[in-house]
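Chains, contacts and geometry: an overview
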Amino acid sequence: MGTTGWGATGWFPVARTADVGTAPVPVAAGGRSWVVVRMRRGGEVSAFPARCPHRLAPLAEGRVADGRLECPFHGWRFDGEGRCTDIPSLGADGVPPPRADLAVPWAVEERHGWVWLAPDRTTTPSPPRPSGTPQPEPAPADASRGPVFGNLDPSLEHAWHPVALSRELRPGGWLQVRLLGRTWMLRRTDTGLEVDPPAYAVRERLGMIWLAPAEPRDVPLEVPEAADPAFVTGWLPPLRSPGPAGPLADTFLDATHSAFVHTTTIGAADRPAVGPAEITVEPGGFRSVQEQEVDNPADPDVVSGARPLRQRRRTTYSYRAPFQLRLRQEFLDSGATTTLLYLLQPEDADSTRIYVCLMLAAGPGRTLPDPRTVTDQVALQQRVLEEDIAAQEALALPGLPLDRRDEVHVPADARGLALRQALCDFIAAGERRLAA
Ligand code: FES
Ligand SMILES: [Fe+2]
């Protein structure tokens, strides 16, 4: 127990000194969550708030590298005093903004075999000798700071949501699905699709079944590749993320986490520095185009030596609120295109089903990609998605923060900011309609 009680000022025992090494340890003091860690083997203990100020990733999942604590999500680094020293997306010469620094506790000390924290200034200069074995605080429920956009937000009633792949519902068959915290029964009859309890509408589009609980006000995502004979299509098996859809959509729009989250798949080939993205606001969402250099080992001309491995790639991101995304990746040197659709089903507060469709074109003058290529690419994208889901599980957020002051943004986060704005507009459109 703290010397003056939980949630008050004073010294709080948080961990045995022997239990704190160079792997960050999550602890609690004064009703708040922290991590304690040694920035060098045998060095003194540093203490930091539990979450990174950028996208609120838990720093307990981070690692110590070169005497700094590195966030697991986008690799921001912090020194022992909490100063942010590196933001990889800014490039080697980038200077982190002051807001990126961590608000460290007033003091941390090792005494009597324990690590003690004083979260705020206290008049007692050092930790007292405990009368018995100290009892560290249990971790507090994570107090959410401002409004977040979760999977049960009432505005989501007014949108088309993907609820199944068309092939999951056979003729004459039925299927139970979860959407917005409720169970719905789908049937495919001779006359078409039926849903119970009654909804505004149910329909099929892009190889999926979509359900609108109430009159929808979203704008459908256009997918020209679906009607283009130059493209072949492969679906990933639907996967589930144990969290809300908002932070997932944020991840699919984010080009700066690859080098840290996708370490066993596509991350090694990506450079952490990312140039600013241009954003074009469109009805129901936005478009964003970004060019970068990436390795393209799948190009047959790379294998034959006719073209270098490192190539220019232009990615066009198209987003429609609430949770529809299309990423069109054009390899400018070979003419090949890979388009990815990410369509999210907000099942429950802590569950999102993810549908990913891959569309491949080989480029002018080439035959269609063969089935083996499609199978390989689907398998790769599935492993990439599994890494994203693992990151979401660690993130453990109740929703996407909508108040921009609750996070710290850098130029590479332009699409993340546009996503937050589009969701605010989506919510506000419903409120205007209610008031009208
Ligand atoms: S670097 Fe920590 S959440 Fe992005
Ligand atoms: Fe990712």
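If you're wondering where the values come from, they're calculated on a predicted model, not measured in any experiment.

With that settled, consider the environment of Arg366. Among the structural elements, Arg366 can be located in the loop between β25 (351-361) and α4 (371-395). Sequence separation between Arg366 and Arg77 is 289 residues, and the spatial gap between their C-alpha atoms is 45 Å. Discounting chain neighbours no more than four positions away, the residues touching Arg366 are Pro300, Asp301 and Arg307.

The protein atoms donating to the iron ion (ligand 2) are His257 (NE2), His262 (NE2), Asp388 (OD) and Asp388 (OD), with metal-donor distances spanning 2.0 to 2.6 Å. Because the angles between the four donor atoms bound to the iron ion (ligand 2) fall within 54 to 148°, the donor set is best described as irregular. When the donor residues of the iron ion (ligand 2) are listed from N- to C-terminus, their spacing reads H-x4-H-x125-D. Across the pair, His262 and His257 agree in class, each one buried.

Right, let's get into the nonpolar core. Counting 50 residues, the largest nonpolar core has Leu186 and Tyr319 as its most contacted members. Tallying contributions element by element places helix α5 (residues 414-435) first for this core, with six residues. Here Tyr319 is in contact with Leu253, Gly284, Gly285, Phe286, Gln324, Leu325, Leu419, Ala422 and Leu423, once residues within four sequence places are set aside. Among the nonpolar cores identified, the runner-up in size contains 23 residues, and Met39, Leu56, Ala100 and Leu102 belong to it.

Right, let's talk about the packing of helix α1 (residues 245-252) against α4 for a bit. Taken N-terminus to C-terminus, the directions of α1 and α4 make an angle of 135°; their axes are 11 Å apart at the nearest point. One element, α1, and the other, α4, form an angle in the oblique class. The handedness of the crossing between α1 and α4 is right-handed. Facing α1, whose interface residues are Pro247, Leu248, Thr251 and Phe252, α4 presents Leu385, Asp388, Gln392 and Leu395. Residues belonging to the contact of α1 with α4 are distributed by class as follows: five nonpolar, two polar and one charged.

Sheet strands associate in pairs through backbone hydrogen bonding, adopting either a parallel or an antiparallel arrangement. Pairing is antiparallel in the open sheet, where three strands are placed in the order β1-β10-β9. Strands with a single pairing partner mark the edges of an open sheet, and in this sheet they are β1 (12-16) and β9 (107-111). Each adjacent strand pair in this sheet contributes to an overall mean axis angle of 30°, direction not counted. As defined by bridge partners, β1 adjoins strand β10 (residues 114-118) across four bridges and the pair is classed as antiparallel. Bridge pairing links Phe12 to Leu117 in β10.

To continue, consider the sheet that holds strand β13 (residues 174-179). The strand order across the open sheet formed by three strands is β13-β14-β15, and the pairing between neighbours is antiparallel. Only two strands of the sheet have a single partner each, and these edge strands are β13 and β15 (192-196). Pairwise comparison of adjacent strand axes, ignoring direction, gives a mean angle of 30° for this sheet. Across five bridges, strand β14 (residues 182-189) lies against β15 in antiparallel orientation. Following the sheet pairing, Thr189 is matched in β15 by Gly192.

Attention shifts here to the domain arrangement of the protein. According to the domain assignment, the protein consists of domain 1 (12-118) and domain 2 (221-431). Using C-alpha coordinates to define each centre, domain 1 is positioned 31 Å away from domain 2. In total, about 1,900 Å² of surface goes out of reach between domain 1 and domain 2, with carbon and sulfur atoms giving 60% of it. There are three salt bridges connecting domain 1 and domain 2. Among the salt bridges present, the one from Arg55 reaches Glu407, with a minimum N-O distance of 3.9 Å. The tally of links between domain 1 and domain 2 comes to seven residue pairs in polar contact (both at pLDDT 80 or more). Here the side of domain 1 that touches domain 2 is built from residues that sort into twelve nonpolar, five polar and five charged.

Rules behind the numbers
- Residues numbered from 1 in each chain as written.
- Chains lettered and ligands numbered in written order.
- Predicted model: local features only at pLDDT ≥ 70, side-chain atom pairs only at ≥ 80, totals over all residues.
- Heavy atoms only, no water.
- Helix = DSSP H or I, 4+ residues; strand = E, 2+ residues; numbered from the N terminus.
- Contact = heavy atoms within 4.5 Å.
- Donors = N, O, S within 2.8 Å, 3.2 Å for Na, K, Ca; no water.
- Tetrahedral: all angles 85-135°; square planar, octahedral: opposite > 155°, others 65-115°.
- Buried < 20%, exposed > 50% of the residue type's maximum accessible area, 1.4 Å probe, protein only.
- Core = buried A, V, L, I, M, F, W, Y, C linked by side-chain atoms within 4.5 Å.
- Axes fitted to C-alpha atoms, helices over the stretch in contact; angles between N-to-C directions.
- Parallel < 35°, antiparallel > 145°, perpendicular 65-115°, else oblique.
- Left-handed = near helix turned anticlockwise from the far one by under 90°.
- Nonpolar A, V, L, I, M, F, W, Y, C, P; charged D, E, K, R; others polar.
- Pairing = 2+ DSSP bridges.
- Domains from an automatic or database assignment.
- Buried area = accessible area lost by both parts, 1.4 Å probe.
- Salt bridge = Lys/Arg side-chain N within 4 Å of Asp/Glu carboxyl O.
- Polar contact = N/O pair within 3.5 Å; in protein donor to acceptor, adjacent residues only side chain to side chain.

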